[in-house]
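What follows is the residue order along each chain.
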Amino acid sequence: MELVGNIKNYVWGKKGSESAVAELAKSNCQDFVINENEYYAEMWMGAHASGPSSVKSTGEDLQSYFSRYDKEIIGGHDTLPFLFKVLSVRQALSIQVHPNKAEAAKLHAERPDIYKDPNHKPEMAIALTPFKAMCGFRPYNEILSFCRKLPPLMELLGKNNAESLSQGLQGLKVCFQDLMTADEQSLKTCIKEIYENYTDVLKAADIYNIFQQINRDFPGDVGILCLFFLNVLRLQPGEAIFLSANEIHAYLQGDCIECMACSDNVIRAGLTPKYKDVETLLKNLNYEAAPASQKSFQPIISDSNYKLFSPNIPDFAVAQITIPKDQDKYSLKNEKFGSILLVLEGERTLKAGNLPEIKLHKGSVVFIPGNCGERVEFSTVGDGSNFVGYFSMYNSFLEKC
Ligand SMILES: [Zn+2]
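Residues numbered from 1 in each chain as written. Predicted model: local features only at pLDDT ≥ 70, side-chain atom pairs only at ≥ 80, totals over all residues. Heavy atoms only, no water.

What is the right way to look at the coordination of the zinc ion in this model?
Ideal geometry at a metal gives 109.5 degrees between four tetrahedral donors and either 90 or 180 degrees between six octahedral ones. Taken together, the protein donors to the zinc ion comprise Gln96 (OE1), His98 (NE2), Glu123 (OE) and His249 (NE2), at separations of 1.9 to 2.3 Å. Counting the intervening residues between successive donors of the zinc ion yields the motif Q-x1-H-x24-E-x125-H. In this pair, glutamine 96 is assigned in strand S8 (residues 95-97) and glutamate 123 in strand S9 (residues 123-127), connecting sequence segments 27 residues apart. Summarising the burial analysis for this pair, glutamine 96 and glutamate 123 share the class buried. (Donors = N, O, S within 2.8 Å, 3.2 Å for Na, K, Ca; no water. Helix = DSSP H or I, 4+ residues; strand = E, 2+ residues; numbered from the N terminus. Buried < 20%, exposed > 50% of the residue type's maximum accessible area, 1.4 Å probe, protein only.)

This is the structure:
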């Protein structure tokens, strides 16, 4: 069943046809017209109430379709346990964490106006274009070394606090809390002094351009100084990061696909015009530090056609499918809980069990029912071309382990 994704025009998104979201939406649906003055930030593929996809042939929203249909198409669930997205990031997204299941339920019960969703939201991003993000704390000594090279930062945190970073987690906790609760004027002064007098340190750490970009978009924001606390990752297309509960992160720039537990639960603390809940963030945060090199998330299965990114949670997994031009056929096992396929490039026909064939092209978004048969088969159309697509699905791989 072909779907049309739900487009979100948040202002941090890329503009007009520079946005991968807009390009895919246009390829998906001939009627979609790209407005070059509009921001296209996200495309949601799934049944989440805040932005359900619709069935292409009828326009019905996916959740209402699930509600009146045999639940076996999603393995007996009431809805899909995951939400699949494409993101096109022009401006940094908020410094954030996602609470674990128990915290999410508690926050929702206490403050449903802010925390609209009771579910946890582990998430995974796979780069479509070169993609930058902040993710997890830098090793403690790396942060301390920034403090020593940047006297304005040392002054903001206090010398004793900053030096306590050499003692690890407790020192980091104190310093990061001081940073996140510093008053506006001190932050502004610190950022200004670093920007005016310490460009050599920024350049040596390869964060000068990012510092400039964030400072332009969010002048004086505490998130700028987070660059010295958090790893800055540069993912190449096809590379992934996984963000488990309470792992601090902020996407900075680029296009990616993202898969997450079906939830919208975010605790924000900087780089956003939205509500900031610094206290809750600091309380929940995972303060473990690790080098950037440990942040890349590797597929557990990887061959020339199939790469499976399978985090250690049941809610979702993502598989990348690549079929080269000269390969006429490719098939894989159908997922019993249903899956969503997004096509990034190439054309193929798709046959799932005894359902009618679908012609796939760039931008196709297809829901494949869990009960339609054992195999999903791809066949070449015409002269063939390289084919790349991503499947999002329930992480039934965990059950097999
Ligand atoms: Zn997030």
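In this structure, what is going on with empty space enclosed by the protein? I would like to understand it.
A water-sized probe rolled over the atoms picks out the places where empty space is left. Under the counting rule described, the total for this entry stands at one cavity of 30 Å³ or more. Approximately 70 Å³ is the volume attributed to the largest cavity. If you trace the largest cavity, you find it lined by Tyr306, Ala319, Leu332, Lys333, Asn334, Glu335, Ser339, Ile368, Val376, Phe391 and Met393. When contributions to the lining of the largest cavity are tallied by element, the ones reaching two or more residues are strand S19 (329-333) and strand S25 (387-393). Grouping the constituent residues of the lining of the largest cavity by class yields seven nonpolar, two polar and two charged. (1 Å grid on protein atoms, 1.4 Å probe; cavity = no way out; pocket = protein on both sides within 12 Å on 5 of 7 lines; lining within 4 Å. Points joined across faces, edges and corners; volume = space filled by probe spheres on them. Nonpolar A, V, L, I, M, F, W, Y, C, P; charged D, E, K, R; others polar.)

Looking at this structure, I do not really get the packing of helix H8 (residues 184-197) against helix H10 (residues 208-217). What am I missing?
Packing of H8 against H10 leaves a shortest axis separation of 12 Å and a crossing angle of 140 degrees. By the angle class used here, H8 and H10 are oblique. H10 is crossed by H8, and the crossing has left-handed handedness. Contact with H8, carried on its side by Ile191, Ile194 and Tyr195, involves Tyr208, Phe211, Gln212 and Asn215 of H10 and no other residues of that element. A per-class count over the contact of H8 with H10 returns five nonpolar, two polar and no charged. (Axes fitted to C-alpha atoms, helices over the stretch in contact; angles between N-to-C directions. Parallel < 35°, antiparallel > 145°, perpendicular 65-115°, else oblique. Left-handed = near helix turned anticlockwise from the far one by under 90°. Contact = heavy atoms within 4.5 Å.)

What am I meant to see in the layout of surface pockets here?
Taken as a whole, the largest pocket holds about 750 Å³ of empty space. Surrounding the largest pocket, 36 residues form its lining, Ser94, Asp264, Val266, Arg268 and Lys274 being those nearest its centre. Mapped onto the lining of the largest pocket, the elements with two or more residues apiece are strand S5 (42-45), strand S7 (82-89), strand S13 (249-261) and strand S14 (267-270). Looking at the lining of the largest pocket element by element, the count peaks at three residues for S13. Tallied by class, residues from the lining of the largest pocket come to 16 nonpolar, nine polar and 11 charged. Taken as a whole, the second largest pocket spans an internal volume of roughly 230 Å³. Along the walls of the second largest pocket sit 14 residues, with Ala20, Leu128, Thr129, Leu344 and Glu345 positioned nearest its centre. Counting residues per element, the ones that place at least two in the lining of the second largest pocket are helix H1 (20-28), strand S20 (339-345) and S25. Looking at the lining of the second largest pocket element by element, the count peaks at three residues for H1. Broken down by class, the residue content of the lining of the second largest pocket amounts to eight nonpolar, three polar and three charged.

What is the right way to read the domain arrangement of the chain from this model?
Much of the literature gives interface size as the accessible area that the parts lose upon coming together. Considered domain by domain, the chain is made up of domain 1 (2-135 + 234-273), domain 2 (139-227) and domain 3 (301-400). Using C-alpha coordinates to define each centre, domain 1 is positioned 30 Å away from domain 2. Taken together, the contact between domain 1 and domain 2 spans 14 residues of the former and 14 residues of the latter. Contact with domain 2 buries area across many residues of domain 1, yet Met134, Arg234 and Leu271 alone supply 41% of it, more than any other trio. (Domains from an automatic or database assignment. Buried area = accessible area lost by both parts, 1.4 Å probe.)

In this structure, what is going on with the pattern of salt bridges? I would like to understand it.
Opposite charge on two side chains permits pairing when their charged atoms draw close. Throughout the structure, instances matching the rule amount to 16 salt bridges. With its nearest N and O atoms 3.5 Å apart, the salt bridge here joins lysine 106 to glutamate 110. A residue pair is termed a helical-turn pair when its members lie 3 or 4 positions apart in one helix, as lysine 106 and glutamate 110 do in helix H3 (residues 101-110) at four residues. A salt bridge links lysine 295 to glutamate 247, with the nearest nitrogen and oxygen atoms 2.8 Å apart. Of this pair, lysine 295 sits in the loop between helix H12 (278-284) and strand S15 (296-297) while glutamate 247 is found in the loop between strand S12 (240-243) and S13, placing the two residues 48 residues apart along the sequence. Within the structure, one salt-bridge network assembled from shared partners comprises Arg148, Lys159 and Glu163. (Salt bridge = Lys/Arg side-chain N within 4 Å of Asp/Glu carboxyl O.)

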